[in-house]
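# Residue-level structure breakdown
One-letter residues, chain by chain:
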Amino acid sequence: MIFVGEGALLRRAVTHAATQGYPVDLVCSADPLDAAAADAAHLAAADVNAHADALARACTDGIVWSLNNRQIFREPLLRVDGLRILNIHNGLLPRHRGLPSVAVLFALLHGDTEYGATAHEVDAGIDTGPVLAEHRFPIGPEDRYHQVMLRGIRACQALFEQVLPAVTTGTARPARVASAQPSGYYGLRALDRLDAYRDHPAYPRATDLGPFAAHAPELARALVRPPSLRPPGRCSDG
């Protein structure tokens, strides 16, 4: 199997797969140390789609995992025969599509009472493929951004470990999951609407990034940007 992504979540998943005896053929990330625990080959690629042939040759079981991955899978990688691409998404789909760093912020501002992680097949859309499983947890009325984000990361790791055996045996199938409310998409453009929420009662806890400020620089910059430099926003994310 092949892993694509970055950070501690990716490294923990690679380590878990290797210690459980699963083949780790290649790790695609910025840091070669991500592949060390599995003694696997490493590929640093700004665009993994440009290396579709290399991934197809390297993969021995047809499975590609995406964890904490900002790259969007496109052709020709999506149409490589024999490859099944799966994403572990920090957020409940389809409610929290897009960047988790932004989705957590708006989940708190919108008063969502649940968050979690979702395992899904990757298709040509962004976080739109069939859902295989999810791991939910409640959001408390006083929970802050950094707390929800940390629980989301832990949920991603737990969900990966949960679905890994079924994916490798070919028994993982689209699941019937409880509704996660209407579809929402949270990319960087959603941050242009932040000024409309400045007086929202949940704003202080929704913007308390804590240690994640270093891992979400775009969000940290948006929070300190003067209102005069922000485009007019609306409270709706429609």
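The structure we're discussing is the one just above.
This section reports on the structure supplied with the text. (Residues numbered from 1 in each chain as written. Predicted model: local features only at pLDDT ≥ 70, side-chain atom pairs only at ≥ 80, totals over all residues. Heavy atoms only, no water.)

## Thoughts on the pattern of salt bridges
Considering all chains together, one arrives at eleven salt bridges under this definition. As a salt-bridge pair, Arg79 and Glu75 come within 3.3 Å of each other at their nearest N and O atoms. Here the two residues Arg79 and Glu75 agree in accessibility, since each one is exposed. Shared partners join several salt bridges into a network, and the residues in it are Arg11, Asp31 and Asp34. (Salt bridge = Lys/Arg side-chain N within 4 Å of Asp/Glu carboxyl O. Buried < 20%, exposed > 50% of the residue type's maximum accessible area, 1.4 Å probe, protein only.)

## Notes on the sheet that holds strand β3 (residues 41–43)
Strand order in the open sheet formed by seven strands is β3-β2-β1-β4-β5-β7-β8, with mixed pairing between adjacent strands. For this open sheet the edge positions go to β3 and β8 (131–138), each flanked by a neighbour on one side alone. Direction aside, neighbouring strands of the sheet carry axes that sit 15° apart on average. When strand β2 (residues 26–28) meets β3, the two strands line up parallel, connected through three bridges. Directly across from Val27, in β3, lies its bridge partner His42. Against the sheet, helix α3 (residues 100–109) engages β5 (84–90) and β7 (114–121), with an angle of about 145° to β7. Across the sheet, helix α4 (residues 145–169) lies against β1 (2–5), β4 (63–67), β5, β7 and β8, angled at about 150° from β8, the strand it touches most. (Pairing = 2+ DSSP bridges. Helix = DSSP H or I, 4+ residues; strand = E, 2+ residues; numbered from the N terminus. Axes fitted to C-alpha atoms, helices over the stretch in contact; angles between N-to-C directions. Contact = heavy atoms within 4.5 Å.)

## Concerning α3
Of all ten residues in α3, nine are buried; the element is thus mostly enclosed. Looking at α3, one finds that the buried residues are Ser101, Val102, Ala103, Val104, Leu105, Phe106, Ala107, Leu108 and Leu109. The inward-facing, buried residues of α3 contact β7, α4, β9 (185–186), α5 (203–206) and α6 (217–224). Following α3 by one or two positions, Gly111 adopts a phi angle in the positive range, close to 75°.

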